[in-house]
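Topology and contacts: notes
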Amino acid sequence: MLLYGLDKSLMSAEGFAEVKECLTSPLAKFVIWGLLSALLYHLVAGVRHLIMDMGIGETLEGGKLGSKIVLVVSTILIVLLGVWIW
Amino acid sequence: MVTNVTNFSRSGLYDWMAQRVSAVILAVYVLFLLGFILCNPGLGYAEWHALFSNNAMRIFSLLTLVALSVHAWVGMWTISTDYLTPMALGKWATGVRFLFQAACGVAMFAFFAWGVQIFWGN
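Residues numbered from 1 in each chain as written. Chains lettered and ligands numbered in written order. Predicted model: local features only at pLDDT ≥ 70, side-chain atom pairs only at ≥ 80, totals over all residues.

Within an unreviewed UniProt entry, the label attached to chain B reads Succinate dehydrogenase hydrophobic membrane anchor subunit, and the organism entered is Pseudomonas leptonychotis. Under the UniProt heading Pathway (unreviewed entry), the note attached to chain B is "Carbohydrate metabolism; tricarboxylic acid cycle." As its UniProt record puts it under Function (unreviewed entry), chain B is described as follows: "Membrane-anchoring subunit of succinate dehydrogenase (SDH)." (UniProt positions renumbered as here; feature names shortened; annotations may be inferred.)

Right, here's the structure in full:
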């Protein structure tokens, strides 16, 4: 959450180019990838919660299947995110 | 109860609802921003600035900031009352939990104020 504040500096910074320049460094890319990966995983797992609130997949079997789907979907999205960043 | 008095709404059901409503707002905002960046590969400062100086976007951003604060408070409260307990920490648990929650509260307020400054000040 603290690091997430970095994202916000993007808008306040007059030097948009400076931020863009900074984001070309491998370390910055890796940090952004890490932050957005955590966010994406939280988002996917949260959507699963909402689906389960609707009464879908509430059995033991459904729960196990749902958690696997979350892991697979998150992994795919995180890999795609990495491809997009680099 | 010392644990209940610090929750967001003094009602588990209301907290449950607030967490889900704020989650949907946050999800829509994140997907919108990701979509915008994906659709504008060679994004320049002018377009970026224009997006955030649009009044609708400012209102959307402020709504998201409120949702983020609510969502974070409900989440951190849940974590702290689940894990920072006398069973885990002994007799200082209440003090530790209170300090942790206070630190979270200050951080969230700071993020909120900073966010307002960014979205409405530029």
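The rest of the description comes next.
Here we come to the overall build of chain B. Along the backbone of chain B there are five helices and zero strands. In terms of C-alpha radius of gyration, chain B reaches 18 Å, well past the compact-globule figure of 14 Å for 122 residues. Overall size of chain B, expressed as C-alpha extent along the three principal axes, is 55 × 25 × 25 Å. Relative to its full complement of 122 residues, chain B shows a buried share of 15%. (Helix = DSSP H or I, 4+ residues; strand = E, 2+ residues; numbered from the N terminus. Rg over C-alpha atoms; globule rule 2.2 N^0.38 Å. Buried ≥ 20, exposed ≤ 12 C-beta atoms within 10 Å, placed from the backbone.)

Before going further, it helps to examine the nonpolar core. The biggest cluster of nonpolar side chains holds nine residues, and these are B:A23, B:L26, B:L65, B:A67, B:L68, B:V70, B:W73, B:V74 and B:W77. Element by element, the count of residues in this core is highest for helix α3 (residues 55-83) of chain B, at seven residues. (Core = buried A, V, L, I, M, F, W, Y, C linked by C-beta atoms within 7 Å.)

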